[in-house]
Every structure is written in C-alpha cells, then in structure tokens.
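Spelled out from the first residue to the last, the chains are:
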Amino acid sequence: MRAVLTWRDKAEHCINDIAFKPDGTQLILAAGSRLLVYDTSDGTLLQPLKGHKDTVYCVAYAKDGKRFASGSADKSVIIWTSKLEGILKYTHNDAIQCVSYNPITHQLASCSSSDFGLWSPEQKSVSKHKSSSKIICCSWTNDGQYLALGMFNGIISIRNKNGEEKVKIERPGGSLSPIWSICWNPSREERNDILAVADWGQKVSFYQLSGKQIGKDRALNFDPCCISYFTKGEYILLGGSDKQVSLFTKDGVRLGTVGEQNSWVWTCQAKPDSNYVVVGCQDGTISFYQLIFSTVHGLYKDRYAYRDSMTDVIVQHLITEQKVRIKCKELVKKIAIYRNRLAIQLPEKILIYELYSEDLSDMHYRVKEKIIKKFECNLLVVCANHIILCQEKRLQCLSFSGVKEREWQMESLIRYIKVIGGPPGREGLLVGLKNGQILKIFVDNLFAIVLLKQATAVRCLDMSASRKKLAVVDENDTCLVYDIDTKELLFQEPNANSVAWNTQCEDMLCFSGGGYLNIKASTFPVHRQKLQGFVVGYNGSKIFCLHVFSISAVEVPQSAPMYQYLDRKLFKEAYQIACLGVTDTDWRELAMEALEGLDFETAKKAFIRVQDLRYLELISSIEERKKRGETNNDLFLADVFSYQGKFHEAAKLYKRSGHENLALEMYTDLCMFEYAKDFLGSGDPKETKMLITKQADWARNIKEPKAAVEMYISAGEHVKAIEICGDHGWVDMLIDIARKLDKAEREPLLLCATYLKKLDSPGYAAETYLKMGDLKSLVQLHVETQRWDEAFALGEKHPEFKDDIYMPYAQWLAENDRFEEAQKAFHKAGRQREAVQVLEQLTNNAVAESRFNDAAYYYWMLSMQCLDIAQVCPSEWYEDRPGVMVGRSSPALLIQSISLPCYLGAHSWTWQILPRRTQCLASSTTSSVWQSCTMVTMPSIATRKIRSVSIVLKLFSTSPGSCCTACPRTPPRASLK
C-alpha cells in the first residue's frame with residue numbers, strides 16, 4: 001500500500017472536523033468559526049460559510065445529501081442545505097462537541113458537554129437528554145436504531161432512537177482514558193454491529209452492540225484524535241498525536257502510514273466509495289491522498305496465492321475453484337509459490353509452508369520453516385529448498401534456515417524473475433534486467449548464463465515448455481519471440497503488457513494488452529478477442545488473467561488456431577491444438593478434414609472424441625482393406641465422399657479408379673436413378689433389370705404404386721406388380737397383366753386369378769384358370785361362387801369332378817332348406833350315407849310333427865333309396881357257401897334293421913340290410929314262402945289305426961332256379977302294399 005498526495009491546502013485555523021457530501025463531490029471542513037467548502041477533485045475552495053460566532057467543533061452530512069449540520073462553541077447547531085444556505089438553528093446549554101445524522105431516518109444527534117439532543121425535520125422542537133459526563137463523540141449504527149455516545153469519563157453509552165440508554169460500557173481506564181473517537185463498522189457483511197473505540201489511554205478496542213468486547217485492547221503508543229472506517233469496513237484510518245494517519249485492519253493490525261504531517265491529526269475521513277482519504281491537522285493543513293494497494297501474489301501453474309485484507313493469504317486452485325485462507329495477523333509483504341511450497345514475507349519474518357500431501361488437489365498447507373529475520377527485497381521467489389531474494393541488482397539464495405548460500409550481482413536492475421523448474425536444489429531461474437539482458441541462473445551454480453540481450457528493458461518474459469523459445473515483453477509494449485539456440489528473432493507483436501506460453505503446447509502463446517487477448521500459434525496470424533487485465537498463465541484451453549485484485553481462469557476455445565493448422569493440412573498439429581479444448585463442432589470438422597486428407601489415424605482419434613460410430617466403421621473397413629493390400633487412394637476417398645454425402649465427387653472418383661459399378665450401386669441405393677443410368681455398362685440386361693427393380697422399389701416406398709407397377713412389369717417382376725395391383729384393387733390392370741402373360745407363367749397367373757377372385761371378378765378369374773388349364777381350380781371357383789350351371793356343365797364334360805360339384809351343391813341346398821333336392825344331390829354324388837340320413841331326418845321330423853302324409857312320402861322315398869342301394873354290380877356276387885350267394889354294397893352304408901323278403905317262383909329270397917355291411921342271403925326252399933320282413937309301422941291317415949306295410953322286393957329272372965347260380969340280371973322293382 002502506498003499513498004499518493006493528490007492536493008493540499010492550508011487554512012488559518014485548526015481543522016476540527018471534516019464531512020464529505022455523500023456523492024463525494026464536496027468537502028465540508030470546520031476551521032475556526034467558519035465552514036470551508038472544497039471541491040474534492042482539485043482542492044478548490046468553493047465557499048466559506050459564516051454562521052457561528054465561535055469555533056466550529058463538528059460537522060456532519062445527512063445520507064440523502066440534502067442537508068448538513070455544524071456545531072460550535074457558541075452552543076448552537078445550524079442546519080444547512082446542499083445549496084450552502086442555513087435554514088435552521090437551535091442551541092444547547094453548553095458548547096457543541098459532536099453531531100451525527102441517522103443514516104436511515106436522517107434524525108440529527110447533537111451532543112454538548114452536559115446533554116444531547118435529537119432533532120428531525122418533522123419535529124417542532126429538539127428532544128434533549130441529560131448526560132452524566134461530557135460527550136466527546138457519537139455514532140449511529142447502520143440500521144439507525146442505536147446511537148453510541150463516547151464520554152470524557154471513559155464510558156460508552158448506547159441509546160435508542162428515543163434517547164433511552166440500552167447498554168452502558170465502562171472502560172477499565174475510567175476518566176484517565178477519555179473516549180475521544182468512536183465509529184460503527186459500515187460493512188453489511190458482518191453478522192453483528194461492531195463499534196471501534198479509540199481512547200486517550202492510547203488504545204483501540206472493539207465492541208458488539210451488546211457491550212461485549214471483541215478481542216483485546218490494542219496499544220497505539222499515541223493519543224488518537226480520530227477513527228473512521230475505510231472501503232466499506234475493511235480497514236480503519238487512525239490519526240492523532242503521532243502526526244500521521246495510519247491504516248489498520250478492521251481487527252486493529254497496523255498496516256502502514258497514509259501520510260505524515262507536521263502537527264497533530266485531528267480528523268481524517270475516507271471519500272465515499274473510493275480509495276481517497278482527506279486529513280485535517282491542528283496547523284490547518286488539509287491533505288487529500290489516494291491510496292494505492294499493490295497486488296501481492298504468486299502463481300504456479302493452476303495454483304494462485306494472493307493477499308487479502310492485507311494480513312491474509314488465500315491460495316486458490318484455478319481449476320477446481322477451491323480456496324484456502326491462511327491468517328497471518330500481520331501485514332503480508334510478499335508471496336511466492338512453487339510446486340508444494342509457499343513463502344510469505346511478513347514485516348519481521350518469512351514463513352515457509354508446504355502441502356500436507358503430494359496430491360495435486362490437496363489444499364492443506366502447514367508451516368515447514370520460519371526465518372525470523374527482517375528482510376528488505378523487491379521480489380521474492382521460493383524453490384524446493386531455497387528462497388531467492390531480489391534486492392535491486394542483487395540476488396541472494398537462502399536456505400530455509402535463513403543461511404545465505406549464494407549471491408549473484410547483476411549489471412542492471414532486476415525487472416523480472418521466474419522459476420522455470422528443475423530438480424530439487426538445482427532449479428533454474430529466468431531473470432530479466434532493465435538493460436535488456438536475459439539470464440538463466442541455477443540455484444546451485446554461481447555463474448549466470450546469458451541467454452540473449454536486447455536493446456530495450458525487460459518487462460515480462462516466459463520460456464516455452466521445451467525451453468527452446470523465449471517470449472519477452474519490453475518497455476515499449478512489444479512482444480518478441482526468440483529462438484534460444486540461434487538467438488534469432490522469430491516474430492514480434494505490438495500492444496503487449498504480459499505474455500505466457502501454453503504449458504501443454506510448444507507452439508502456442510498468448511499475450512494481453514490494450515484490452516485484448518491475443519493468441520498466436522506457430523507463425524500464423526494473431527487471433528484477438530476482448531479481455532480486461534493481464535495474462536499471467538496459459539494452461540491448455542485456460543488462460544489465467546489478473547484483473548485489478550483478482551485472478552480468473554478464462555476458458556478460451558482453441559478453434560481459431562486449430563483451423564489455421566487445418567488450412568495448411570497439418571492434421572497432427574491441429575489435433576494437438578484441439579486436445580487443448582475445442583467444441584464438438586470443431587472436433588467433427590477436424591475429423592472430416594483429416595478423413596478427406598486420408599490421415600486415418602488422426603481422423604479416427606477425432607471421431608472417437610465425438611463418438612461417431614458410423615465413420616469409425618468406415619475407417620476400420622478402410623484400414624482392413626489396406627492391410628489386405630489395397631492401395632487405391634481414389635477409391636478410399638470415394639468411399640469417404642459417399643459417406644459425407646458428396647455423391648457426385650464420389651462417383652467421379654469411382655469412375656476414375658475403374659469402379660463404375662460402385663457408382664451405379666451408390667446412385668441406385670440413393671434412388672438417384674437418372675444419375676445411375678450414366679453408369680450402366682453397355683446395355684447389360686442384368687444391370688438394367690436391377691436398376692429398374694430398385695427404382696420400382698423406391699417408387700413403392702414413396703407411395704407411388706402405379707409407377708412402381710409399370711417399372712416392375714418393365715423389369716419382368718410380374719409377381720410384385722400383381723401384388724401391388726391386388727392390394728390396391730386395380731382389376732383392370734390385373735386383367736391386362738393376366739392376358740399379357742404367357743400360359744407357362746403359372747405363378748403370376750395363379751396370383752392374378754387369386755386376386756381377381758378376391759376382388760369379386762369371378763368371370764375374369766375363370767378366364768385366367770382356363771388360360772392356365774387349371775380345371776380343378778375352375779371347378780372350385782364355380783362352386784365357391786355358386787355358379788352351379790357352369791359347374792354342372794363342366795362336370796358333364798369332365799365326370800371326374802362330379803363329386804367336387806354335387807357334394808358342395810347338396811350342402812348348399814341343405815343350408816338353404818331344399819332338403820329333398822339336397823338328398824337327391826347327395827345320392828347323385830354317391831354320398832349314400834348323407835342321402836339316407838337326410839331322408840331319415842325328414843321322416844322323423846314329419847312323424848314328430850304329425851305330418852303323416854309327408855312321413856309316408858318320405859318312407860316311400862326311403863324305400864326307393866333302399867332299392868337303389870340294393871342294386872349291386874353282378875361282378876361283385878360270389879358263392880359264400882353251397883346254395884348261398886352273397887353280394888356286397890358300399891361298406892360305408894349304415895342302415896339299421898331293414899329286411900326285404902322277395903319271391904320268385906318256388907324260391908324265397910330274403911334281402912337283409914345289416915348295420916355294417918349288406919349281404920344277400922339266397923336260400924332255396926320248396927313250396928314255402930318266407931315272409932320275414934321288418935314291419936314298418938305308420939299311423940293310418942284315414943282310420944288313425946295302425947297297420948303294417950310290407951315292403952316286397954320281387955326279383956325277376958329268365959328261368960326258374962337261375963338265382964341259385966347267378967344274381968338278377970334286371971333292375972329290381974318295388975311296390976307298396
């Protein structure tokens with residue numbers, strides 16, 4: 001910290017008190033019997049104010065800036081406007097010692113030797129309260145709820161807004177330690193209101209609102225006359241009999257001197273919201289200072305240590321944003337950090353800290369060594385086992401025990417020093433001098449190595465990671481980059497105030513200046529972007545920037561330098577830059593460029609970054625082909641272009657490499673058929689058919705079925721064409737296709753007929769079946785569509801389909817309640833069992849419903865049916881035993897218990913229809929007639945009486961006795977008795 005005098009003036013009388021206008025533009029001084037109004041910008045006396053008759057002891061400005069008040073030895077208080085006009089005056093019984101405005105309600109407190117008063121614009125009178133002792137100073141809390149009064153007897157009385165005492169603090173010194181100045185901390189970050197107290201016991205103390213003391217009294221060794229807070233409560237200004245204003249921490253630790261004076265300092269105040277301080281002295285001197293706080297800090301890679309509140313050190317991890325605070329409780333003068341070491345210089349000693357562990361993320365430090373000795377140095381550097389002190393032209397190397405081991409004397413002032421690494425105890429130092437010399441020093445070597453010498457003074461410098469290049473910023477704000485081995489100036493850039501090499505990339509550096517950040521890769525042009533502050537480090541994609549008093553890590557995408565390398569097809573270098581930090585889009589661009597450049601290794605790594613499996617598969621396939629001996633780069637590049645969607649470029653490369661078929665296949669797969677036709681090889685029918693088929697498939701997929709049908713027909717894919725027509729119900733197109741097809745093409749014709757049948761066009765389906773010669777399917781079609789006449793006509797021509805016609809016909813008749821016709825149809829179809837079952841069911845139903853005429857008719861029909869059954873082909877007769885001839889009818893016929901006696905001359909023939917088979921038993925008898933027959937009982941219609949009806953089967957033969965050797969030659973005849 002250092003104080004710079006801005007302006008100074010001198011009044012004729014002692015400066016008793018000072019008050020700033022809240023906006024900081026004016027300064028009101030109490031000097032003699034007048035008030036002096038100054039312009040704070042240049043110290044011009046704007047106007048003296050007269051109103052008091054005696055010495056003015058105090059002055060205070062309201063927080064709203066509308067009024068200020070002054071108190072005098074003439075026992076009066078005058079209220080002034082911001083236009084410097086007096087508007088109100090009231091008096092006390094004694095001289096006014098101090099005045100103070102409430103920061104919230106703007107209530108004015110005025111204190112005299114025997115009482116204090118409270119006044120506000122809303123009141124018509126002043127509310128006064130007696131005091132047990134002379135009040136010397138007063139101060140309101142931040143919230144305006146309480147007023148603290150400092151008294152001559154060493155007591156502090158805390159009153160509420162109504163003047164009632166709430167807390168009384170009795171100091172140990174009593175009347176021997178009058179309270180000369182008090183002030184509440186204006187910080188709103190403090191959890192409790194803190195009152196700073198300065199007494200003439202030469203002590204400063206701190207109290208809570210409750211009256212509890214914070215810490216212990218701090219000795220001053222002088223009589224304090226004024227105390228006030230600076231920069232929102234971080235520091236304290238204190239002046240008095242030591243003829244100077246000192247800066248203290250808010251805890252009472254002295255930091256330094258603001259300005260030395262020739263007489264007692266009676267008052268000092270900080271300009272609102274600034275780092276300016278005004279000092280008023282007993283001899284009438286008014287001094288206006290600017291306080292400049294230098295940045296005390298150290299940086300090593302991603303660890304940054306800096307001073308906070310002048311007495312603390314904060315170590316910040318720039319990547320993880322972790323912070324640790326080290327409280328030194330003394331003024332921190334210098335800080336140095338290197339690897340796991342941290343050095344802090346205090347006024348009377350140097351503390352050496354080390355990390356608890358080697359963990360890169362560890363933030364816990366412990367004291368390793370203490371060097372109890374006062375050192376004066378400009379720069380401080382710490383190494384693994386040493387500290388380096390820079391004193392103008394001299395460097396001293398000290399061990400951690402404080403023993404000087406080595407010393408170097410330079411030709412010129414040392415402007416910059418930096419540790420560049422090395423083994424413990426043998427680290428290298430980079431030193432820049434004012435005369436332009438740049439040296440490298442090893443801590444274990446007495447001799448300095450001159451790297452190079454330039455004409456201008458060194459301001460900042462850095463060495464690349466490989467230690468082959470050196471970047472220097474000179475006093476002309478020029479960044480110069482040298483090759484260390486050849487001493488050659490590689491390039492230079494203007495407008496630089498600091499420079500840093502990238503610790504992860506040899507060819508990248510950045511420098512700041514003029515409100516811009518400049519990034520330079522190799523010899524490419526500089527990439528510029530706005531940035532406030534100084535560059536102090538560059539690691540990967542993070543640039544560490546110091547702005548005012550804080551450092552921040554700025555994430556800078558390395559896109560610009562990466563594209564610079566890509567433009568020159570330097571893919572590996574571009575990949576190294578991308579690894580420092582670029583966007584996914586940049587990674588993909590790098591991958592594509594490397595792929596097109598056939599740098600498959602770089603492309604593969606880049607695609608892995610963006611997790612693009614599709615291109616990784618392509619690269620893998622190309623690598624496999626290269627292993628098998630393929631070397632045609634045009635073909636590889638064509639595959640790459642086709643993957644990228646650059647189809648025309650890919651086709652050209654396919655053609656150039658003699659693989660037109662691949663271009664044809666590509667365009668066909670893409671349904672770009674017009675382009676594909678350009679690559680058809682000399683009318684090859686197979687390729688043409690393939691192309692048309694794929695084009696048809698594409699038309700089908702995009703919902704263009706008619707176009708697809710035409711193309712399928714053109715390609716000879718009739719089945720696919722028929723399927724589309726059938727699915728869409730296009731009968732006309734199906735008929736057209738069926739008529740054009742050759743009868744040998746059975747599969748498409750059969751599919752056509754099937755769809756025509758489904759689409760209710762049986763006539764066209766029949767036409768198709770006839771074309772194929774598929775009569776069975778034609779019969780089935782007629783039956784399914786119940787076109788019986790056509791079916792019967794076809795059955796007449798082709799008797800082998802008779803059963804296929806009459807059986808469905810009979811079932812259809814039965815389903816339509818045409819049972820008699822159905823029975824005949826069953827009989828005609830040779831289905832005797834179904835025919836008899838229908839008649840039996842009709843008979844049973846008629847009997848059950850008392851329809852006896854119908855029942856009689858049905859019995860007659862049943863008997864006639866039985867006669868038909870009894871006709872057996874003569875060739876099926878055989879002699880079962882002598883005198884017995886047996887003939888078989890259909891084994892499937894199952895008619896229960898019907899016996900038919902027959903007569904022929906002197907012979908009696910009995911037909912017996914048995915359950916499982918029918919046999920004719922011919923037994924020869926003489927002069928006797930069998931009448932064994934099953935009687936069928938049927939109610940008489942006329943008489944309602946039951947009578948028997950014999951069913952007699954007469955068999956005729958050509959000669960008597962012939963039936964013994966052969967079966968009847970003529971059809972049987974039945975009669976009803």
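Bear in mind that the values here come from a model prediction, so they are computed numbers and not experimental data.

A. Structural detail: the overall build of the protein. Looking only at helices and strands, the protein has 21 helices and 64 strands in total. The buried share of the protein, taken over its 977 residues, is 50%. Taking as baseline every contact in the protein between residues at least 6 positions apart, the subset at least 24 positions apart corresponds to 39%. As presented, the protein carries roughly 47,300 Å² of accessible surface, and 48% of it is formed by carbon and sulfur atoms.

B. Layout of the sheet that holds strand β43 (residues 437–442). The 4 strands are arranged β41-β42-β43-β44 in an open sheet whose pairing can be described as antiparallel. Because the sheet does not close on itself, it has two edges, and the strands there are β41 (414–421) and β44 (449–453). Taken pair by pair, the neighbouring strands of this sheet meet at an average axis angle of 20°, ignoring direction. Two strands pair when backbone bridges link them, and β41 and strand β42 (residues 428–433) are joined in this way by 6 bridges, in the antiparallel orientation.

C. A look at the packing of helix α12 (residues 718–728) against helix α14 (residues 746–758). Where α12 contacts α14, the axes come no closer than 9 Å and their chain directions differ by 5°. With respect to their mutual orientation, α12 and α14 come out roughly parallel. Facing His 718, Val 719, Ile 722, Glu 723, Gly 726 and Asp 727 of α12, the residues of α14 in contact are Glu 747, Pro 748, Leu 751, Cys 752 and Tyr 755. When grouped by side-chain class, the residues that make up the contact of α12 with α14 number 6 nonpolar, 2 polar and 3 charged.

D. A look at the pattern of salt bridges. In total, this model carries 30 salt bridges according to the counting rule given. Of the charged contacts in the structure, one is a salt bridge between Lys 333 and Glu 376, with a shortest N-O distance of 3.9 Å. Highlighted residues: Lys 333 in the loop between β32 (323–327) and β33 (334–338) and Glu 376 in the loop between β36 (365–371) and β37 (379–382), separated in sequence by 43 residues. For Glu 376, a relative accessible area of 52% corresponds to the exposed category. The closest approach of N and O atoms between Lys 646 and Glu 596, which form a salt bridge, is 2.6 Å. One end of the pair, Lys 646, is in the loop between α6 (633–644) and α7 (647–656); the other, Glu 596, is in helix α3 (residues 584–596), and 50 residues separate them in sequence. The class for Lys 646 is partly exposed, based on a relative accessible area of 30%. When salt bridges with common partners are traced through the structure, they connect Arg 341, Glu 354, Arg 366 and Lys 368 into a single cluster.

E. View of the sheet that holds strand β48 (residues 489–493). Sheet architecture is open: 4 strands sit in the order β45-β46-β47-β48, paired in antiparallel fashion. In the strand order of this sheet, the two ends are held by β45 (458–463) and β48, each with one partner. Within the sheet, the average angular offset between the axes of one strand and its neighbour, ignoring direction, is 20°. Sheet topology note: the strand β46 (residues 469–474)/strand β47 (residues 479–483) ladder contains 5 bridges and is antiparallel. Looking at the pairing, Ala 471 lines up with Val 481 of β47.

F. Representation of unusual backbone geometry within the structure. The backbone of Asp 273 sits at a positive phi, close to 55°, despite the residue not being glycine. Take Asp 273: it is sitting in the loop between β26 (265–270) and β27 (276–281). Under the relative-accessibility criterion, Asp 273 is labelled exposed at 72%. Even without a glycine there, the phi angle at Lys 487 is positive, about 65°.

G. Expanded view of the packing of aromatic side chains. Under the counting rule described, the total for this entry stands at 19 aromatic pairs. Centre to centre, the rings of Tyr 61 and Phe 68 are 5.0 Å apart; their planes meet at 40°, and the pair counts as tilted. Summarising the burial analysis for this pair, Tyr 61 and Phe 68 share the class buried. Between Tyr 304 and Tyr 306 the ring centres are 5.3 Å apart and the planes differ by 20°, which places this aromatic pair in the stacked class. For Tyr 304, a relative accessible area of 0% translates into the label buried. These aromatic residues form a ring-pair network of at least three members: Trp 7, Phe 20, Tyr 38, Tyr 276 and Phe 288. The aromatic ring of Tyr 575 is capped on one face by Lys 605, whose charged end is 4.5 Å from the ring centroid.

H. Spatial organisation of the environment of Leu 664. Looking at the element boundaries, Leu 664 is found in helix α8 (residues 660–669). Along the sequence, Leu 664 and Ala 651 sit 13 residues apart, while their C-alpha atoms lie 8.3 Å from each other.

I. Focus on the packing of α12 against helix α13 (residues 731–740). The contact between α12 and α13 brings their axes to 8 Å, and the two run at 155°. When the axes of α12 and α13 are compared, the pair comes out roughly antiparallel. You can see that α12 and α13 cross each other, and the crossing is left-handed. Along the contact surface, α12 presents Ala 721, Ile 722, Cys 725 and Gly 726, while α13 presents Met 733, Leu 734 and Ile 737. Class assignment for the residues of the contact of α12 with α13 results in 6 nonpolar, 1 polar and no charged.

J. Looking closely at the state of the cysteines. With the rule as written, the count across this model stands at 0 disulfides. Here Cys 111 stays unpaired: no disulfide links it, and the sulfur of Cys 98, its closest cysteine neighbor, is 3.8 Å away. On the basis of relative accessibility, which here comes to 0%, the residue Cys 111 falls in the buried class.

K. Local environment of the side chain of Asp 474. As for its placement among the helices and strands, Asp 474 is situated in strand β46. Summary of buried charges: Asp 474 has no salt-bridge partner, and the nearest side chain of opposite charge, Arg 459, is 7.3 Å away. Here Asn 476 takes part through its backbone nitrogen, which lies 2.9 Å from a polar atom of the side chain of Asp 474. Here Asp 474 is in contact with Gln 454, Thr 456, Ala 457, Arg 459 and Leu 480, once residues within four sequence places are set aside.

L. Here's a closer look at the nonpolar core. Formed by 53 residues in total, the largest nonpolar core has its most connected members in Leu 590, Leu 595 and Phe 607. Dropping the residues within four chain positions of it, Leu 595 is found in contact with Phe 600, Ala 603, Phe 607, Tyr 615, Leu 618, Ile 619 and Val 640. Counting 49 residues, the second largest nonpolar core, distinct from the first, contains Tyr 300, Ile 387, Leu 395 and Met 410.

M. Main features of the environment of Glu 330. Considering the arrangement of structural elements, one finds Glu 330 in the loop between β32 and β33. Linking Glu 330 and Met 310, residues 20 residues apart in sequence, is a C-alpha distance of 7.8 Å. The residues touching Glu 330, leaving out its near neighbours within four places in the chain, are Val 253, Met 310, Thr 311, Leu 346, Pro 347 and Lys 349.

N. Focus on helix α5 (residues 613–627). Here α5 spans 21 Å end to end across 15 residues, near enough to the 21 Å set by a 1.5 Å rise per residue. Among the residues of α5, those classed as buried are Tyr 615, Leu 616, Leu 618, Ile 619, Ile 622 and Arg 625. Buried residues in α5 make contact with α3, α4 (600–610) and α6. Where α5 begins, the capping side chain belongs to Asp 612, and its oxygen is found 3.2 Å from the backbone nitrogen of Arg 614.

O. Here's a closer look at α14. Taking 1.5 Å per residue as the helical rise, α14 with its 13 residues ought to reach 18 Å, and the 18 Å between its terminal C-alpha atoms agrees with that figure. Burial in α14 covers these residues: Pro 748, Leu 749, Cys 752, Ala 753, Tyr 755 and Leu 756. Projected down its long axis, α14 carries its buried residues within an arc of 165°, all on one side. Set apart from the buried face of α14 by more than 90 degrees, the exposed residues are Glu 747 and Lys 758. Of the surrounding secondary structure, the elements contacted by the buried residues of α14 are α12, α13 and α15 (762–772).

P. Representation of the environment of Met 711 within the structure. Considering the arrangement of structural elements, one finds Met 711 in helix α11 (residues 705–715). Overall, Met 711 belongs to the buried group, its relative accessible area being 16%. With 10 residues separating them along the chain, Met 711 and Ala 721 place their C-alpha atoms 8.4 Å apart.

Q. Quick look at the side chain of Gln 107. Along the chain, Gln 107 turns up in the loop between β10 (96–101) and β11 (108–112). Using a relative accessible area of 10% as the deciding quantity, one classes Gln 107 as buried. Beyond its immediate sequence surroundings of up to four residues, Gln 107 is in contact with Ser 100, Tyr 101, Asn 102, Leu 118, Trp 119, Ser 120, Gln 123, Trp 140 and Lys 161.

R. Region of the structure containing a nonpolar patch on the surface. Residues Tyr 857, Trp 860 and Met 864 make up a contiguous nonpolar surface patch of about 280 Å² in total accessible area. Tracing the backbone through its elements, the reader meets Trp 860 in helix α21 (residues 852–870).

Rules used in this analysis
Residues numbered from 1 in each chain as written. Predicted model: local features only at pLDDT ≥ 70, side-chain atom pairs only at ≥ 80, totals over all residues. Heavy atoms only, no water. Helix = DSSP H or I, 4+ residues; strand = E, 2+ residues; numbered from the N terminus. Buried < 20%, exposed > 50% of the residue type's maximum accessible area, 1.4 Å probe, protein only. Contact = heavy atoms within 4.5 Å. Areas by Shrake-Rupley, 256 points an atom, 1.4 Å probe, with all protein chains shown as cover. Pairing = 2+ DSSP bridges. Axes fitted to C-alpha atoms, helices over the stretch in contact; angles between N-to-C directions. Parallel < 35°, antiparallel > 145°, perpendicular 65-115°, else oblique. Nonpolar A, V, L, I, M, F, W, Y, C, P; charged D, E, K, R; others polar. Salt bridge = Lys/Arg side-chain N within 4 Å of Asp/Glu carboxyl O. Phe/Tyr/Trp six-rings, centres within 6.5 Å; stacked < 30°, edge-to-face > 60°. Lys NZ or Arg CZ within 6 Å of the ring centre and 35° of its normal. Left-handed = near helix turned anticlockwise from the far one by under 90°. Disulfide = S-S within 2.5 Å. Lys, Arg positive; Asp, Glu negative; His and termini not counted. Polar contact = N/O pair within 3.5 Å; in protein donor to acceptor, adjacent residues only side chain to side chain. Core = buried A, V, L, I, M, F, W, Y, C linked by side-chain atoms within 4.5 Å. Expected span 1.5 Å × (residues − 1). Arc of directions from axis to C-beta. Patch = residues over 30% accessible without salt bridge, like charges linked within 9 Å, V, L, I, M, F, W, Y side chains within 5 Å.

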